[in-house]
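Overview (structure and organization)
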Amino acid sequence: MLMEGGRAAAARNVSSIQMLSVQPDTKPKGCAGCNRKIKDRYLLKALDKYWHEDCLKCACCDCRLGEVGSTLYTKANLILCRRDYLRLFGVTGNCAACSKLIPAFEMVMRAKDNVYHLDCFACQLCNQRFCVGDKFFLKNNMILCQTDYEEGLMKEGYAPQP
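The structure contained in this document is the topic of the report that follows. Since the structure is predicted, the reported quantities are computational estimates derived from the model, not experimental observations.

Rules used in this analysis
Residues numbered from 1 in each chain as written. Predicted model: local features only at pLDDT ≥ 70, side-chain atom pairs only at ≥ 80, totals over all residues. Heavy atoms only, no water. Core = buried A, V, L, I, M, F, W, Y, C linked by side-chain atoms within 4.5 Å. Buried < 20%, exposed > 50% of the residue type's maximum accessible area, 1.4 Å probe, protein only. Helix = DSSP H or I, 4+ residues; strand = E, 2+ residues; numbered from the N terminus. Contact = heavy atoms within 4.5 Å. Pairing = 2+ DSSP bridges. Axes fitted to C-alpha atoms, helices over the stretch in contact; angles between N-to-C directions. Phe/Tyr/Trp six-rings, centres within 6.5 Å; stacked < 30°, edge-to-face > 60°. Salt bridge = Lys/Arg side-chain N within 4 Å of Asp/Glu carboxyl O.

Digging into the nonpolar core
With 16 residues, the main nonpolar core has Ile17, Leu56, Leu65 and Leu72 as its most contacted residues. At the level of elements, β3 (42–46), β5 (71–75), β6 (78–80) and α3 (82–89) are the ones that each hand at least two residues to this core. Setting aside anything within four residues of it in sequence, one finds Leu65 in contact with Ile17, Leu56, Lys57, Cys58, Leu72, Ile79, Leu80 and Cys81. Ranked by size, the runner-up nonpolar core spans 11 residues in total, among them Val115, Cys123, Phe130 and Cys145.

Overview of the sheet that holds β3
Taken in spatial order, the three strands make up an open sheet running β2-β3-β4, and their pairing is antiparallel. Since the sheet does not close on itself, it has two edges, and those belong to β2 (18–21) and β4 (49–51), each with one partner. Neighbour to neighbour, the strand axes of the sheet diverge by 35° on average, direction disregarded.

Observations regarding the packing of aromatic side chains
Aromatic ring pairs are described here by two measures, namely the spacing of the ring centres and the angle between the planes. One pass over the full model with this rule turns up six aromatic pairs. When the centroid spacing of 5.5 Å and the interplanar angle of 65° are considered together, the rings of Tyr116 and Phe121 count as edge-to-face. Taken as a pair, Tyr116 and Phe121 share a single burial class, namely buried. Following the ring pairs from residue to residue traces out a cluster consisting of Tyr116, Phe121, Phe130 and Phe136.

Comments concerning the pattern of salt bridges
Once their charged atoms are close, side chains differing in charge can pair, the charge on each being opposite to the other. Across all of its chains, the model carries four salt bridges by this definition. When the shortest N-O distance is used, the salt bridge between Arg64 and Glu53 registers 3.9 Å. In this pair, Arg64 is assigned in the loop between β4 and α2 (65–68) and Glu53 in the loop between β4 and α2, connecting sequence segments 11 residues apart. Under the relative-accessibility criterion, Glu53 is labelled partly exposed at 23%. Residue Glu67 pairs with Arg64 through a salt bridge whose shortest N-O separation is 2.9 Å. Exposure remark for Glu67: the relative accessible area of 56% places this residue in the exposed category. If you follow the salt bridges from partner to partner, you end up with Glu53, Asp54, Arg64 and Glu67 in one network.

Some remarks on the environment of Lys135
In this fold, Lys135 is placed in the loop between β10 (114–117) and β11 (136–139). Residue classification places Lys135 among the exposed residues on the basis of a relative accessible area of 55%. Once the C-alpha coordinates of Lys135 and Cys145 are considered, the two residues, 10 residues apart in sequence, prove to be 6.8 Å apart. Those residues in contact with Lys135 that sit more than four places away from it in its chain are Phe130 and Gln146.

Below you can see the structure in the form of structure tokens.
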């Protein structure tokens, strides 16, 4: 999930990639990446330019963009895959436990409207980490394990319902 401001910014930086079959009777097009003529059977069209399949790559991870999807992202004169664009320029918001930014590509845990880093998703009283299937409780915007939740209820003067 990107913040609304992030979503609008991302939309301006997205371009489509088209794979086209080279027609044998047409003049070879020049590649925007290497400046050589494209004599392959297929070429890519992106950013209003033509590319060899091997030349249209992410500036960070070097993946071939024609193989990873039909879109590419541009910012700061870089051509990027989605993952690297989000890693460099995207955020999902702040972690409800530590208040630090969460990069948009990172796996998160959610509880109601709160978003957490995986490492921060633990009981905020005893620091017990939760496993898949564990019960947790959200009280006063704090994540609690069952033991701490029930102890808090006992201190408040009422027992939890079985």
